[in-house]
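Each chain, letter by letter, is given below.
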Amino acid sequence: MIQLSPAAADEIHRLRARTSLPEARFRLSVQPGGCLDYYYHLSFDAAVSSDDVILNLNGIEVVVDQPSLALLSDLTIDYSEDLMGGSFRFYNPNAGENCGCGNSFSLPLKD
Ligand code: FES
């Protein structure tokens, strides 16, 4: 099950309040690319398609398409700030390798 930390939920609330699409839901997806095979993509999206799943995580409606959901089960999203600024942090136990910034991952090699 995907987890959203309270800090991540607070940041999503803050960002949504600043968008021009207040009715848009938070969309989490995986796209091919990044420094490894895939990268996490976060957006606000007013559209929901028939293969989307809507999760209620910490008071946030999170839209995830089925192919992304297959790669994101057990993902935890957190948000933290340091001297370089704030960013979402991804903890994906299903990843085989994570890139240095944590936004890209590969799948484990199969035997
Ligand atoms: S996507 Fe290049 S270091 Fe993370």
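Residues numbered from 1 in each chain as written. Predicted model: local features only at pLDDT ≥ 70, side-chain atom pairs only at ≥ 80, totals over all residues. Heavy atoms only, no water.

Trainee: Let's hear about the pairing of strand β7 (residues 85–91): which residues, and what values?
Mentor: A regular strand places its side chains on the two faces of the sheet in alternate fashion. Bridging between strand β6 (residues 76–82) and β7 involves seven bridges; their strand directions are antiparallel. Counterpart to Thr76 in the pairing with β7 is Tyr91. Hairpin connection of β6 to β7: two residues between the antiparallel strands. (Pairing = 2+ DSSP bridges. Helix = DSSP H or I, 4+ residues; strand = E, 2+ residues; numbered from the N terminus.)

Trainee: Could you give an account of the sheet that holds β7, naming the residues involved and the relevant values?
Mentor: Across a sheet, strands are paired by hydrogen bonds formed along the backbone, either parallel or antiparallel in direction. What the three strands build is an open sheet, ordered β1-β6-β7; its pairing is mixed. Taken across any chain shown, the strands that pair with only one partner, and hence form the sheet edges, are β1 (3–4) and β7. The sheet strands contacting helix α1 (residues 6–18) are β1, β6 and β7, and the helix crosses β6 at an angle near 75 degrees. (Contact = heavy atoms within 4.5 Å. Axes fitted to C-alpha atoms, helices over the stretch in contact; angles between N-to-C directions.)

Trainee: Give a detailed account of the packing of aromatic side chains, specifying residues and quantitative values.
Mentor: This structure, assessed with the given rule, holds five aromatic pairs. Aromatic side chains Tyr40 and Phe90 sit 4.2 Å apart centroid to centroid with 10 degrees between the ring planes, which places their arrangement in the stacked category. Here Tyr40, found in strand β3 (residues 38–45), pairs with Phe90, found in strand β7; they are 50 residues apart in sequence, far enough to count as distant. There is no split in this pair, since Tyr40 and Phe90 are both buried. Judged by centre distance (4.8 Å) and plane angle (25 degrees), the ring pair of Tyr40 and Phe105 falls under stacked. On the criterion of sequence distance, the pair formed by Tyr40 in strand β3 and Phe105 in strand β9 (residues 104–106) is long-range, its members being 65 residues apart. Its relative accessible area of 6% is what places Tyr40 among the buried residues. With a relative accessible area of 0%, Phe105 lands in the buried category. (Phe/Tyr/Trp six-rings, centres within 6.5 Å; stacked < 30°, edge-to-face > 60°. Buried < 20%, exposed > 50% of the residue type's maximum accessible area, 1.4 Å probe, protein only.)

Trainee: Would you mind going over unusual backbone geometry in detail, with residue names and values included?
Mentor: Notably, Asn58 is not glycine yet its phi reads approximately 55 degrees, a positive angle. Within the secondary structure, Asn58 sits in the loop between β4 (52–57) and β5 (60–65). Phi at Asp74 takes a positive value of approximately 75 degrees, unusual for a residue other than glycine. The exposure class assigned to Asp74 is partly exposed, which follows from its relative accessible area of 40%.

Trainee: Go over the nonpolar core with me, naming the residues and quoting the values.
Mentor: Residues Leu4, Leu28, Val62, Leu72 and Ile77 are the most contacted members of the largest nonpolar core, which totals 22 residues. Among the secondary structure elements, those contributing two or more residues to this core are α1, β2 (25–32), β5, α2 (66–72), β6 and β7. Beyond its immediate stretch of four places on either side in the chain, Ile77 contacts Gln3, Leu4, Ser5, Ala8, Leu28, Phe88, Arg89 and Phe90. (Core = buried A, V, L, I, M, F, W, Y, C linked by side-chain atoms within 4.5 Å.)

Trainee: Give a description of α1 that names residues and reports values.
Mentor: Along an α-helix, residues three or four apart share an orientation, since each turn contains 3.6 residues. For α1, with 13 residues, the first-to-last C-alpha span of 19 Å sits near the 18 Å given by 1.5 Å per residue. Along α1, the residues classified as buried are Ala8, Ala9, Glu11, Ile12 and Arg16. Looking straight down α1, one finds that the buried residues subtend no more than 160 degrees of arc, so they occupy a single side. The outward face of α1, more than 90 degrees from its buried face, is lined by the exposed residues Pro6, Asp10, Ala17 and Arg18. In this structure, the buried residues of α1 make contact with β1, β2, β3, β5, β6 and β7. (Expected span 1.5 Å × (residues − 1). Arc of directions from axis to C-beta.)

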